[in-house]
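Commentary on secondary and tertiary structure
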Amino acid sequence: MKFYHLFILVFLSGKVEAQKNDADLAPLLIRPRQYAIIKTSEVINIDGKGSEQAWSKAQWSDAFVEIQGKRDSIDPYSTRYKMLWDKDFLYVYTEFREEHIWAKLKDHDQSIFHNNCLEIFIDPDGDSHNYIEFQINAFEAVWDLFMTKPYRNGGMPLSAWDIKGLKKAVNINGTLNDPSDKDKSWGIELAFPLNSLVGRNLPLVGSVWRMNFSRVQYQMDIKDGVYERKQDAKGRLLPSAYYVWSPQGLVNLHYPERYGFVKFADESGTEKGFIHTETEALTRMLWKYYYLQQDFKIRYGKYATTLADLKKDFPNVTFQNTPRLQLIGTDFQYQIQIKSSSLKTIFIIDHEGKQVQFFFPK
């Protein structure tokens with residue numbers, strides 16, 4: 001089980017005396033990527049090949065990057081994905097270039113991330129709670145689970161939850177688990193039933209979800225004609241590398257606010273830059289204060305109850321001086337909010353990292 005929240009405790013706490021500055025927070029505030037999903041009326045045969053005419057119309061995503069978004073560390077495989085949708089399904093196609101294709105896990109709801117795999121994260125309403133994690137390897141083995149909230153907020157994976165009606169296929173251009181030759185790639189094609197993801201609240205043209213894609217990649221050795229995970233000089237297994245579509249800013253895929261924006265477009269699929277600049281900027285500002293509050297709580301055992309407390313404790317962080325920004329709460333719970341008169345909206349994030357917004361009349 002991946003308890004990613006342990007990593008963030010180390011990331012945010014570090015040495016107790018260390019003072020966070022703007023540079024420390026910058027990786028967590030990189031603007032998320034965007035993708036427009038073209039609507040299709042063509043029947044998609046899920047065979048792992050992505051050969052239908054509709055797929056040629058779908059745009060490729062930006063190439064994946066190292067999970068933290070470091071400029072000097074890119075995905076050497078140039079991994080990308082495509083998506084389509086219709087009234088019943090969300091379709092995904094990606095191709096993993098790989099010279100040695102391997103997999104060991106075959107059973108449903110195992111920890112598939114222990115193999116090279118594709119991971120997909122889906123947060124339909126974008127509130128950073130109640131989101132889906134999906135993993136698939138070259139054997140087509142799947143782990144699908146539901147998270148009521150991120151690990152950092154006490155969430156636990158609900159593995160008994162399944163994506164009912166899922167269609168999946170892997171097409172291998174090479175030979176699986178055969179180190180004697182060099183493979184080329186493996187294609188992954190998926191059809192997610194929309195009603196399994198969101199019930200009756202099906203997306204319409206213009207709907208926006210939060211999603212991210214991750215390629216989990218291990219370094220391998222060949223021993224006695226078998227693939228084995230590479231070890232360091234002390235015999236310890238090397239960790240996996242994570243390459244993602246939208247950079248997370250840290251080695252943690254359970255920060256849903258860092259997922260990219262995907263919009264359900266019409267057949268033309270020409271919509272780009274569809275997230276309002278002010279909306280995205282204001283919510284990133286709120287997340288900045290959320291991260292500071294998490295650090296404050298780790299060091300003092302309670303939250304700051306005023307913005308003045310935060311400013312005093314983080315002298316090397318730039319704070320926005322605006323009366324529209326408010327911190328309301330106690331030692332153990334809070335919400336930070338900002339009002340946009342131009343958008344007629346109040347944006348809110350609470351102590352559990354749940355993001356909501358309310359519209360008020362003109």
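Position numbers for residues count from 1 along each chain, tracking the sequence in the order it is written. Per-residue local features are limited, in this predicted model, to residues with pLDDT of at least 70; the limit for side-chain atom pairs, both in listing and counting, is 80 or more; totals at the level of whole chains, interfaces and linings are taken over all residues. Computation of side-chain values covers all heavy atoms of the structure but excludes hydrogens and water.

1. A short note on the packing of aromatic side chains
Pairing of aromatic side chains requires ring centres within 6.5 Å, counting the rings of Phe and Tyr and the six-membered ring of Trp. Pairs whose planes differ by under 30 degrees are stacked, by over 60 edge-to-face, and all others tilted. Within the structure shown, the criterion is met by 24 aromatic pairs. The structure contains a cluster of three or more aromatic residues connected by ring pairs, namely Tyr-35, Phe-64, Tyr-81, Phe-213 and Trp-245. Counted as over-ring charges are cases with an Arg CZ or a Lys NZ within 6 Å of the ring centre that also lie within 35 degrees of the ring normal. The ring of Tyr-255 carries Arg-152 above its face, with NZ or CZ at 4.2 Å from the centroid. Note that Lys-339 overlies the ring of Phe-360, its terminal NZ or CZ placed 4.7 Å from the centroid.

2. Considering the side chain of Gln-217
Per the convention used, a helix needs a DSSP run of H or I reaching at least four residues, while a strand needs a run of E reaching at least two, with both numbered from the N terminus. Mapped onto the fold, Gln-217 is located in strand β11 (residues 208-217). Within the structure, Gln-217 has its side chain in polar contact with the side chain of Arg-215 (distance 2.8 Å). N or O atoms within 3.5 Å of each other form a polar contact, as long as, within protein, one can give a hydrogen and the other can take it, and as long as residues adjacent in sequence are counted only when both atoms are side-chain atoms.

3. So, the sheet that holds strand β16 (residues 325-329)
Here the rule is simple: two strands pair whenever DSSP picks up at least two bridges between them. Taking strand neighbours across the sheet as the criterion, the four strands line up as β16-β17-β18-β19 in an open arrangement whose pairing is antiparallel. Edge positions in the sheet fall to β16 and β19 (355-359), since each has one partner strand and no second. Between one strand and the next, the sheet's axes are offset by a mean angle of 20 degrees, whatever the strand orientation. Looking at chain direction, strand β18 (residues 345-350) and β19 are connected through five bridges and run antiparallel. Residue Ile-346 lies in a different strand from β19, and its bridge partner there is Phe-358. Residue contacts are counted whenever heavy atoms from the two residues lie within 4.5 Å of one another. Here an angle of 0 to 180 degrees is reported between the N-to-C directions of two axes, which are lines fitted to C-alpha atoms, with helices fitted over the stretch in contact. The strands touched by helix α5 (residues 277-300) are β16, β17 (334-340), β18 and β19; relative to β17, the strand with the most contacts, the crossing angle is about 160 degrees.

4. Digging into the layout of surface pockets
Size it by volume and the largest pocket reaches roughly 430 Å³. For cavity detection a 1 Å grid was placed over the protein atoms alone, and a set of points counts as a cavity when a 1.4 Å probe fits there but cannot get out; an open set counts as a pocket when protein lies on both sides within 12 Å along at least five of seven lines, with lining residues being those that have an atom within 4 Å of a point. In terms of lining, the largest pocket is formed by 15 residues, of which the most central are Asp-125, Gly-126, Asp-127, Gln-355 and Gln-357. Going through the elements one at a time, β11, α5 and β19 are the ones with two or more residues in the lining of the largest pocket. Under the grouping applied here, Gly and all other residues not named as nonpolar or charged are polar, the nonpolar ones being Ala, Val, Leu, Ile, Met, Phe, Trp, Tyr, Cys and Pro and the charged ones Asp, Glu, Lys and Arg. Residues that form the lining of the largest pocket fall into these classes: six nonpolar, six polar and three charged. Grid points are joined across faces, edges and corners, and a volume is the space filled by probe spheres set on the points.

5. Concerning empty space enclosed by the protein
Enumeration over the complete set of coordinates arrives at one cavity of 30 Å³ or more. Here the largest cavity is characterised by a volume of approximately 90 Å³. Arg-210, Glu-257, Thr-283, Arg-284 and Trp-287 are, among the 13 residues lining the largest cavity, the residues nearest its centre. In terms of residues, the lining of the largest cavity owes the most to one element, α5, which gives five residues. Each residue belonging to the lining of the largest cavity can be placed in one class, and the counts come to six nonpolar, two polar and five charged.

6. Digging into the pairing of strand β4 (residues 89-97)
Think of it in three bands: residues with accessible area under 20% of the maximum for their type are buried, residues over 50% are exposed, and the middle band is partly exposed, with areas taken using a 1.4 Å probe on protein chains only. In terms of burial, β4 is largely enclosed, as seven of its nine residues are buried. When strand β3 (residues 81-85) meets β4, the two strands line up antiparallel, connected through five bridges. Looking at the pairing, Trp-85 lines up with Leu-90 of β4. Taken together, β3 and the strand that follows it, β4, pair antiparallel across an intervening segment of three residues.

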